[in-house]
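# Results of the structural survey
Given next are the chains, with one letter for each unit.
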Amino acid sequence: MAVLQADPAPPVEAVRRRPRERWTPYALLAPTLVLVAVFLLYPIGSVVYYSLFKYNVTKPRSNGFIGLENYQNMLSDQLFWDSLRFTTQWVVVEVGLQLVLGLGLALVINETFVGRSLARSLVFSPWAVAGVLTTTIWLLIYSPTTGFSRYLADIGIGSYGESPLIDSTSAFWAAVLAELWRGVPFFAILLLADLQTISQDLYEAAEVDGAGRMQRFWSVTLPHLRNAIVLSTLLRAVWEFNNVDLLYTLTGGGPGNSTMTLPLYVARMAVDAKEFGYGSALTVSAFLILAIFSIAYLKLSRVGREGQS
Amino acid sequence: MTTLVEAPAASERTTVNRPPSRRTDPNHRRAPRWMIYTPLALYLLFTLVPFYWILLFSLRPAGSTSVIPWPITFEHYKTVWDGAGFAVFFKNSVVIALFTLFGTTILSLLGGYALARFRFRGRGAFMVMTLCTQFIPGAMMLIPLFDIFRTIGLINTPWSIVVADTVFGLPLSLIMMAGFIRNIPIELEEASWVDGCGRLRGFLTVVLPLLRPGMVAISSFAFIGSWNNFLFALMFLNDQDQFTIPVGLSYMLGEYSVDFGALAAGGVVAVVPVVLVFAYVQKFLVQGLSAGAVKG
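Residues numbered from 1 in each chain as written. Chains lettered and ligands numbered in written order. Predicted model: local features only at pLDDT ≥ 70, side-chain atom pairs only at ≥ 80, totals over all residues. Heavy atoms only, no water.

### Describing the overall build of chain B
In plain terms, the rule: Numbering goes from the N terminus for both helices and strands, where a helix is a DSSP run of H or I of at least four residues and a strand is a run of E of at least two. The rule is simple: take the accessible area with a 1.4 Å probe, protein chains only, and divide by the maximum for that residue type; under 20% is buried, over 50% is exposed, in between is partly exposed. The contact rule is simple, with two residues in contact once any of their heavy atoms fall within 4.5 Å. Note on areas: Shrake-Rupley with a 1.4 Å probe; residue coverage comes only from the protein chains shown.
Tallying secondary structure elements over chain B gives 13 helices and 0 strands in all. Put simply, chain B has 296 residues, and 53% of those count as buried. The long-range fraction of contacts in chain B, counting pairs at least 24 apart against all pairs at least 6 apart in sequence, stands at 71%. Here chain B has roughly 13700 Å² of accessible surface; of this, 69% comes from carbon and sulfur atoms.

### Examining the UniProt feature "transmembrane region" (unreviewed entry) in chain A
Residue and element names in this part refer to chain A. Using the following cut-off: UniProt positions are given in the numbering used here, feature names are shortened, and annotations may be inferred rather than shown by experiment.
In the numbering used here, UniProt assigns the "transmembrane region" (unreviewed entry) feature to residues 26-52, 90-109, 121-141, 171-193 and 276-298. Secondary structure over residues 171-193 splits into 100% helix and 0% strand, and the C-alpha atoms at its two ends are 34 Å apart. The straight-line gap between the two end C-alpha atoms of residues 276-298 is 32 Å; of that span, 100% is helix and 0% is strand.

### Topic: the interface of chain A and chain B
Just so we agree on the cut-off: Accessible-area loss on putting two parts together, using a 1.4 Å probe and summing over both, is the definition of buried area adopted here. The rule for a salt bridge is simple: a side-chain nitrogen of Lys or Arg has to be within 4 Å of a carboxyl oxygen of Asp or Glu. Pairs of N or O atoms within 3.5 Å make up the polar contacts considered here, provided that, within protein, one atom can donate a hydrogen while the other can accept it, and that residues adjacent in sequence are counted only when both atoms are side-chain atoms.
Between chain A and chain B, the residue contacts involve 117 residues of the former and 111 residues of the latter. Interface area for chain A against chain B, summed over the two sides, is near 10300 Å², with a carbon-plus-sulfur share of 73%. Taken together, the connections running from chain A to chain B amount to 0 salt bridges. Here chain A and chain B share 9 residue pairs in polar contact (both at pLDDT 80 or more) between them. Looking at which element gives the most residues to the side of chain A that touches chain B, the answer is helix α2 (residues 24-50) of chain A, with 20 residues.

### Comments concerning the packing of aromatic side chains
In this description, a pair of aromatic rings is defined by centroid distance and the angle of the planes. Applicable threshold: Only centres within 6.5 Å qualify two rings of Phe, Tyr or Trp (six-membered ring in Trp) as a pair; their planes then separate them into stacked at under 30 degrees, edge-to-face at over 60, and tilted for everything else. Note on criteria: charge over ring means Lys NZ or Arg CZ within 6 Å of the ring centre, with the direction from the centre no more than 35 degrees off the ring normal.
Taken as a whole, this structure holds 40 aromatic pairs over all chains when the rule is applied. Taking 4.9 Å as the distance between ring centres and 45 degrees as the angle between the ring planes, the aromatic pair formed by A:Y49 and A:F53 counts as tilted. Following the ring pairs from residue to residue traces out a cluster consisting of A:Y49, A:Y50, A:F53, A:Y55, A:F65, A:F276 and B:F146. Note that A:R236 overlies the ring of A:W239, its terminal NZ or CZ placed 4.5 Å from the centroid. It is B:R60 that lies over the ring of B:F57; its NZ or CZ is 4.3 Å from the centre.

### Describing the nonpolar core
In plain terms, the rule: Only buried Ala, Val, Leu, Ile, Met, Phe, Trp, Tyr and Cys residues count toward a nonpolar core, and they belong to the same one when joined by side-chain atoms within 4.5 Å. Either an automatic procedure or a domain database provided the assignment from which the domain bounds are taken.
With 188 residues, the main nonpolar core has A:W90, A:F124, A:Y265, A:L282, B:F149 and B:F236 as its most contacted residues. Tallying contributions element by element places helix α8 (residues 168-195) of chain A first for this core, with 17 residues. Residue contributions to this core reach at least three from each of two domains, namely domain 1 (33-73) and domain 2 (86-295) of chain B. Apart from the residues lying within four places of it in its own chain, the contact partners of B:F149 are A:F39, B:L154, B:I155, B:S160, B:V163, B:A164 and B:F236.

### A short note on the UniProt feature "transmembrane region" (unreviewed entry) in chain B
Residue and element names in this part refer to chain B. In this numbering, the UniProt entry assigns the feature "transmembrane region" (unreviewed entry) to residues 34-55, 94-116, 125-146, 158-181, 202-227 and 260-281. End C-alpha atoms of residues 202-227 are separated by 34 Å, and the span's content is 96% helix alongside 0% strand. The straight-line gap between the two end C-alpha atoms of residues 260-281 is 31 Å; of that span, 100% is helix and 0% is strand.

### Quick word on the packing of helix α4 (residues 86-117) of chain B against helix α7 (residues 158-182) of chain B
Residue and element names in this part refer to chain B. Note the threshold: Every axis in this analysis is a line fitted to C-alpha atoms, fitted for helices over the stretch in contact. Angles between the N-to-C directions lie between 0 and 180 degrees. Two helices cross in a left-handed way if the nearer one is turned anticlockwise from the farther one by less than a right angle. They cross in a right-handed way if the turn is clockwise. Charged residues are taken to be Asp, Glu, Lys and Arg, nonpolar residues to be Ala, Val, Leu, Ile, Met, Phe, Trp, Tyr, Cys and Pro, and polar residues to be all remaining types, Gly included.
Remark: α4 packs on α7, axes separated minimally by 6 Å, with the N-to-C direction vectors making an angle of 35 degrees. Viewed along their axes, α4 and α7 form a crossing whose handedness is right-handed. Of the residues in the contact of α4 with α7, the class split is 16 nonpolar, 9 polar and 3 charged.

### So, unusual backbone geometry
Unusually for a residue other than glycine, A:N257 sits at a positive phi of about 60 degrees. Tracing the chain through its elements places A:N257 in the loop between α11 (245-250) and α12 (262-273). A positive phi angle, near 65 degrees, is found at B:N156, a position not held by glycine. Topologically, B:N156 is positioned in the loop between α6 (142-151) and α7. Given the relative accessible area of 17%, B:N156 is considered buried.

### With respect to the pattern of salt bridges
Applying the stated criterion to the full structure yields 8 salt bridges over all chains. Its salt-bridge partner being A:D82, residue A:R85 comes within 3.6 Å of it at the nearest N-O pair. Here A:R85 and its partner A:D82 are both found in helix α4 (residues 78-109), 3 residues apart, which amounts to about one turn of the helix. On the basis of relative accessible area, A:R85 is assigned to the exposed category, the value being 59%. Residue classification places A:D82 among the partly exposed positions, given a relative accessible area of 26%. The residue B:R150 makes a salt bridge to B:D147 at a minimum N-O spacing of 3.1 Å. Here the residue B:R150 and the residue B:D147 both occupy positions in helix α6, the gap between them amounting to 3 residues, near one helical turn. The class for B:D147 is buried, based on a relative accessible area of 11%.

Right under this line is the structure:
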């Protein structure tokens, strides 16, 4: 969790700076700073700049400064609002289900049992699988010619030639299931790491006080995991918001744009339509939404903590 | 009388010193077996059936509906490797992932050491900026990065992907590396300075050997992240002989009539390296995160 927490400066006595070393840390960080400035900070600035232009690489003649027109178009773009609504639905469902399943999985594999390390390797493994690969794997399962539906039809469930990706509701849940397969290990890994830092004395004390299994979970385990849960859900929400690979290849935003997230809309604008100006305006709005969401989430979870103590 | 008093004191001491690990805990509270094995079996089924399904399709002849890969065929692997160009994609992916691995590891060693061992003006601001970069969506950087790479002439070269992957992975690797370095007692380094080593020699001879688990973890994540990256490669690479495996797969997925056997074989080729790397590093991952939590 060191990654997630504000990190302490090294204590003074651990530093014992020697003369002529004043510039050493800057020199060590310089390559990183240059890369981040050129390839992260400058691009962020240029997105804001491009969002004020009509900018299409394939139609250079009509390009030019148009002020806030992209933003005006965005506000009256039905697909923008639909994609925003779908993004919210996608993030809430994915993060909620991943958290519950990931916590359950972490609790199970934190127990001592025969074959634990093998079980860990196996259940964690989808975490390393790429979005496009997840699509490849689940497409084989969902496709009417290769998937489970024909085997189900063989034994009388459903009919031949059905694919969950054709209908918009079942396409949503099909995408959710595929992303769960890959996303649950993230929570399981982070929460398992945090579970292992709980002192056994706490459980012993709770047991002496007569707490049952469920009570120990609610009064010892869950409060300890609180910070890890807040930060991992936030990171995951941002990540799922930005997740494009899987939906781009599995549903492509379809059927009928019903699974189009905002970043997917941006990616389509950039990769397919080459509408860089309008895509940049969408990007700026997505940045703002993410920033507001993150700040509000951290504020709210802190308020909750003060209320508890 | 004295023995009666001493006995509980001794047992108390062993309780205090016992490491907080369940494996060595003699009287831990075991959950009933079914409470472990039932959910675990169900979850393993959910995890492994998709893997089995893709393996099955890659190994059985086209048109077969058998649920075991028998009779077995390697025809599909030959098709993707030679016919669909996966030999080239695989090579491209390996080259990009290795350069990303080296770049990320070296830069995070340098920066991580600075963050772990020096106090300096701007350190706090740097940490905040680094954490903020975690919120930047890759999809949103496609447009400006495309422009930058076009300007400096890196479009349609593997270098554009190496740079983009390194920059996006670097902030997290840097913070993780700083954590790993902080866990190595500074006294060890100081002893080497007393012996006449400079910072660099002290680092190379004392810190680096102890840093192996951290370096394995960080370089593996860089490798996996780069190996899996799709959007940058899709946007920045145009020629088929530059494609990486995810891009190659995505074009197969987009074809009008998909050759599922070949697609499955391509997927297996793509998945095997990362799953092997991951199986090797996952224990470092959990350990590293736990160690960080204890410190933090």
